[in-house]
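Okay, here's what each chain looks like letter by letter:
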Amino acid sequence: DVDGDGYDDLIVGLADCPQVAGLLVLANAHWRLTAKACALLVLGARRLGGTLLANQWGGSASRRRRAYAAQGKTVWRLPSINSLEAIRLVQDQRFDLIVNARTRQIYQPEILALPRLGCLNIHHGLLPDQRGTMCDLWALHERVPAGFSVHQMTPKVDAGPILARVEVSDGTDHDYRQYLGRATGRELTEL
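Residue positions are given per chain, counted from 1 along the sequence in the order it is written. With the structure being a predicted model, the display of local features is reserved for residues of pLDDT at least 70 and the display and counting of side-chain atom pairs for 80 or more, all residues being used for whole-chain, interface and lining totals. Side-chain figures throughout are based on the complete set of non-hydrogen atoms in the structure, without hydrogens or water.

Colleague: Please explain the environment of Asn100 as it appears in this structure.
Modeller: In DSSP terms, a helix is any run of H or I states spanning at least four residues, a strand is any run of E spanning at least two, and both are numbered starting from the N terminus. Looking at the element boundaries, Asn100 is found in strand β3 (residues 98-100). Overall, the relative accessible area of 4% leaves Asn100 in the buried class. Residues Asn100 and Ile122, 22 residues apart in the sequence, show an inter-C-alpha distance of 6.3 Å. Residue contacts are defined here by distance: any two heavy atoms, one from each residue, within 4.5 Å place the two residues in contact. Sequence-distant contacts of Asn100, that is, excluding residues within four places in its chain, are made with Tyr107, Leu120, Asn121, Ile122 and Met153. Here a polar contact means two N or O atoms within 3.5 Å. Within protein one must be a hydrogen donor candidate and the other an acceptor candidate, and residues neighboring in sequence count only if both atoms are side-chain atoms. Among the polar contacts listed, one links the side chain of Asn100 to the side chain of Asn121, at a separation of 2.6 Å. Any residue under 20% of the maximum accessible area for its type is buried, any over 50% is exposed, and the rest in between are partly exposed; the area is computed with a 1.4 Å probe on protein chains only.

Here is the structure:
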(Lines give C-alpha, C1' and ligand atoms only; values in the text may rest on other atoms or scores of the structure.)
Protein backbone atom coordinates (compact mmCIF):
# COMPACT_ATOMS: atom_id res chain seq x y z
CA ASP A 1 0.00 0.00 0.00
CA VAL A 2 1.56 3.20 -1.18
CA ASP A 3 0.46 5.33 1.76
CA GLY A 4 2.75 3.55 4.20
CA ASP A 5 0.18 1.29 5.83
CA GLY A 6 2.57 -1.60 5.36
CA TYR A 7 0.75 -4.78 4.51
CA ASP A 8 -2.63 -3.83 5.89
CA ASP A 9 -4.39 -4.45 2.58
CA LEU A 10 -3.42 -8.10 2.79
CA ILE A 11 -4.02 -8.69 6.49
CA VAL A 12 -7.20 -6.58 6.70
CA GLY A 13 -8.44 -8.10 3.44
CA LEU A 14 -8.12 -11.59 4.88
CA ALA A 15 -10.44 -10.58 7.74
CA ASP A 16 -13.30 -10.53 5.23
CA CYS A 17 -12.70 -14.13 4.13
CA PRO A 18 -15.15 -16.53 5.79
CA GLN A 19 -12.48 -19.26 5.79
CA VAL A 20 -10.19 -17.19 8.04
CA ALA A 21 -10.81 -17.95 11.72
CA GLY A 22 -8.68 -15.19 13.21
CA LEU A 23 -5.35 -13.44 13.30
CA LEU A 24 -2.21 -14.58 15.09
CA VAL A 25 -0.05 -11.54 15.79
CA LEU A 26 3.53 -12.46 16.58
CA ALA A 27 5.96 -10.28 18.51
CA ASN A 28 7.87 -9.26 15.41
CA ALA A 29 9.28 -5.87 16.39
CA HIS A 30 12.91 -5.91 17.35
CA TRP A 31 15.49 -3.26 18.17
CA ARG A 32 17.78 -4.56 15.40
CA LEU A 33 15.13 -3.83 12.76
CA THR A 34 14.57 -0.40 14.21
CA ALA A 35 18.33 0.25 14.11
CA LYS A 36 18.51 -0.92 10.47
CA ALA A 37 15.56 1.31 9.54
CA CYS A 38 17.26 4.30 11.19
CA ALA A 39 20.51 3.49 9.38
CA LEU A 40 18.64 3.47 6.07
CA LEU A 41 17.21 6.89 6.91
CA VAL A 42 20.69 8.25 7.70
CA LEU A 43 22.10 6.76 4.49
CA GLY A 44 19.44 8.53 2.44
CA ALA A 45 16.99 5.67 1.84
CA ARG A 46 14.18 7.65 3.46
CA ARG A 47 11.25 5.81 1.91
CA LEU A 48 12.53 2.34 2.69
CA GLY A 49 13.67 3.26 6.22
CA GLY A 50 10.37 5.05 6.87
CA THR A 51 8.37 2.09 5.60
CA LEU A 52 10.27 -0.29 7.89
CA LEU A 53 9.66 1.98 10.88
CA ALA A 54 5.97 2.38 10.02
CA ASN A 55 5.57 -1.39 9.69
CA GLN A 56 7.02 -1.91 13.17
CA TRP A 57 5.70 1.07 15.10
CA GLY A 58 2.83 2.54 13.03
CA GLY A 59 -0.91 2.12 13.53
CA SER A 60 -1.21 -1.15 11.63
CA ALA A 61 -1.83 -3.27 14.71
CA SER A 62 -4.92 -1.33 15.74
CA ARG A 63 -6.28 -1.25 12.15
CA ARG A 64 -5.86 -4.99 11.91
CA ARG A 65 -7.46 -5.66 15.31
CA ARG A 66 -10.46 -3.49 14.38
CA ALA A 67 -10.91 -5.29 11.05
CA TYR A 68 -10.99 -8.70 12.72
CA ALA A 69 -13.21 -7.50 15.58
CA ALA A 70 -15.68 -6.08 13.03
CA GLN A 71 -15.96 -9.58 11.56
CA GLY A 72 -16.35 -11.18 15.02
CA LYS A 73 -12.97 -12.90 14.71
CA THR A 74 -10.41 -13.37 17.42
CA VAL A 75 -6.95 -11.78 17.43
CA TRP A 76 -4.32 -13.67 19.41
CA ARG A 77 -1.00 -12.07 20.37
CA LEU A 78 1.84 -14.51 20.82
CA PRO A 79 5.55 -14.11 21.53
CA SER A 80 6.54 -16.63 18.84
CA ILE A 81 4.87 -19.13 16.53
CA ASN A 82 7.06 -21.77 18.16
CA SER A 83 6.09 -20.93 21.74
CA LEU A 84 4.25 -23.44 23.90
CA GLU A 85 1.34 -20.97 23.95
CA ALA A 86 1.14 -21.02 20.13
CA ILE A 87 1.35 -24.79 19.98
CA ARG A 88 -1.48 -25.15 22.50
CA LEU A 89 -3.59 -22.57 20.65
CA VAL A 90 -3.22 -24.35 17.30
CA GLN A 91 -4.02 -27.69 18.94
CA ASP A 92 -7.06 -26.33 20.83
CA GLN A 93 -8.47 -24.42 17.84
CA ARG A 94 -7.73 -27.27 15.43
CA PHE A 95 -6.67 -24.93 12.67
CA ASP A 96 -6.76 -26.49 9.22
CA LEU A 97 -4.15 -24.13 7.80
CA ILE A 98 -1.77 -21.40 8.94
CA VAL A 99 -0.74 -18.70 6.46
CA ASN A 100 2.50 -16.94 7.32
CA ALA A 101 2.59 -13.37 6.08
CA ARG A 102 5.39 -10.98 6.90
CA THR A 103 7.01 -12.59 9.89
CA ARG A 104 10.68 -13.10 10.47
CA GLN A 105 10.24 -16.28 12.43
CA ILE A 106 11.31 -19.71 11.28
CA TYR A 107 8.64 -22.30 12.04
CA GLN A 108 9.89 -25.37 13.87
CA PRO A 109 8.78 -28.89 12.83
CA GLU A 110 6.38 -29.20 15.81
CA ILE A 111 4.22 -26.23 14.72
CA LEU A 112 4.48 -27.15 11.02
CA ALA A 113 2.96 -30.55 11.74
CA LEU A 114 -0.10 -29.32 13.66
CA PRO A 115 -2.54 -27.82 11.11
CA ARG A 116 -4.39 -30.45 9.07
CA LEU A 117 -3.37 -28.84 5.76
CA GLY A 118 -0.01 -27.54 6.97
CA CYS A 119 1.44 -24.04 6.84
CA LEU A 120 1.78 -21.75 3.84
CA ASN A 121 4.27 -18.93 3.48
CA ILE A 122 4.09 -15.84 1.30
CA HIS A 123 7.72 -15.39 0.31
CA HIS A 124 8.95 -12.10 -1.15
CA GLY A 125 10.89 -13.61 -3.98
CA LEU A 126 10.42 -15.81 -7.00
CA LEU A 127 11.28 -19.24 -5.66
CA PRO A 128 13.32 -21.30 -6.09
CA ASP A 129 15.74 -18.72 -7.50
CA GLN A 130 15.25 -15.90 -4.98
CA ARG A 131 15.64 -17.17 -1.44
CA GLY A 132 16.27 -15.41 1.84
CA THR A 133 15.19 -12.00 3.12
CA MET A 134 13.96 -9.04 1.03
CA CYS A 135 14.50 -10.89 -2.26
CA ASP A 136 12.15 -8.59 -4.12
CA LEU A 137 14.11 -5.50 -3.06
CA TRP A 138 17.36 -7.10 -4.19
CA ALA A 139 15.78 -8.23 -7.47
CA LEU A 140 14.62 -4.69 -8.23
CA HIS A 141 18.06 -3.37 -7.30
CA GLU A 142 19.59 -5.81 -9.79
CA ARG A 143 16.88 -4.95 -12.37
CA VAL A 144 15.56 -8.49 -12.66
CA PRO A 145 11.94 -9.67 -12.34
CA ALA A 146 10.52 -9.48 -8.82
CA GLY A 147 7.44 -10.91 -7.18
CA PHE A 148 6.35 -13.39 -4.57
CA SER A 149 5.79 -17.08 -4.12
CA VAL A 150 3.26 -18.98 -2.03
CA HIS A 151 4.72 -22.26 -0.85
CA GLN A 152 4.11 -25.06 1.61
CA MET A 153 6.39 -24.61 4.59
CA THR A 154 8.82 -27.38 5.53
CA PRO A 155 11.59 -27.51 8.13
CA LYS A 156 14.01 -26.34 5.41
CA VAL A 157 13.43 -22.60 4.87
CA ASP A 158 11.97 -21.55 1.48
CA ALA A 159 12.17 -25.12 0.21
CA GLY A 160 8.62 -26.51 0.29
CA PRO A 161 6.43 -27.19 -2.74
CA ILE A 162 5.61 -23.97 -4.61
CA LEU A 163 1.88 -23.40 -5.06
CA ALA A 164 2.08 -20.03 -6.83
CA ARG A 165 4.87 -17.92 -8.30
CA VAL A 166 3.69 -14.44 -9.23
CA GLU A 167 5.83 -11.92 -11.09
CA VAL A 168 4.81 -8.39 -10.07
CA SER A 169 7.58 -6.44 -11.80
CA ASP A 170 9.79 -6.99 -14.82
CA GLY A 171 12.61 -5.36 -12.82
CA THR A 172 12.13 -1.81 -14.04
CA ASP A 173 10.35 -0.48 -10.94
CA HIS A 174 12.12 2.39 -9.19
CA ASP A 175 9.71 2.94 -6.29
CA TYR A 176 9.78 0.03 -3.85
CA ARG A 177 6.72 1.22 -1.93
CA GLN A 178 4.61 1.35 -5.09
CA TYR A 179 5.88 -2.08 -6.02
CA LEU A 180 4.93 -3.42 -2.57
CA GLY A 181 1.47 -1.91 -2.93
CA ARG A 182 0.90 -3.81 -6.18
CA ALA A 183 2.38 -6.99 -4.72
CA THR A 184 0.15 -6.87 -1.65
CA GLY A 185 -3.00 -6.57 -3.76
CA ARG A 186 -1.93 -9.54 -5.85
CA GLU A 187 -1.14 -11.60 -2.75
CA LEU A 188 -4.67 -11.20 -1.41
CA THR A 189 -6.10 -12.32 -4.75
CA GLU A 190 -3.69 -15.24 -4.97
CA LEU A 191 -4.52 -16.48 -1.46
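Colleague: Explanation requested: the sheet that holds strand β5 (residues 146-152) in the structure shown.
Modeller: Strands in a sheet are paired, the pairing made by backbone hydrogen bonds, and the direction either parallel or antiparallel. Spatial ordering of the open sheet is given by β3-β4-β5-β6, a layout of 4 strands whose pairing is mixed. Each end of this open sheet is capped by a strand with a single partner; those strands are β3 and β6 (162-169). Taken pair by pair, the neighbouring strands of this sheet meet at an average axis angle of 15°, ignoring direction. Direction of pairing for β5 relative to β6: antiparallel, over a ladder of 6 bridges. Of the residues in β6, the one forming a bridge with Gly147 is Glu167. What counts as an axis is a line fitted to C-alpha atoms, over the stretch in contact for a helix, and the angles between N-to-C directions run from 0 to 180 degrees. Helix α8 (residues 176-190) rests against β4 (119-123), β5 and β6 of the sheet, and its axis sits at about 150° to β6. Strands were regarded as paired on the criterion that DSSP finds at least two bridges between them.

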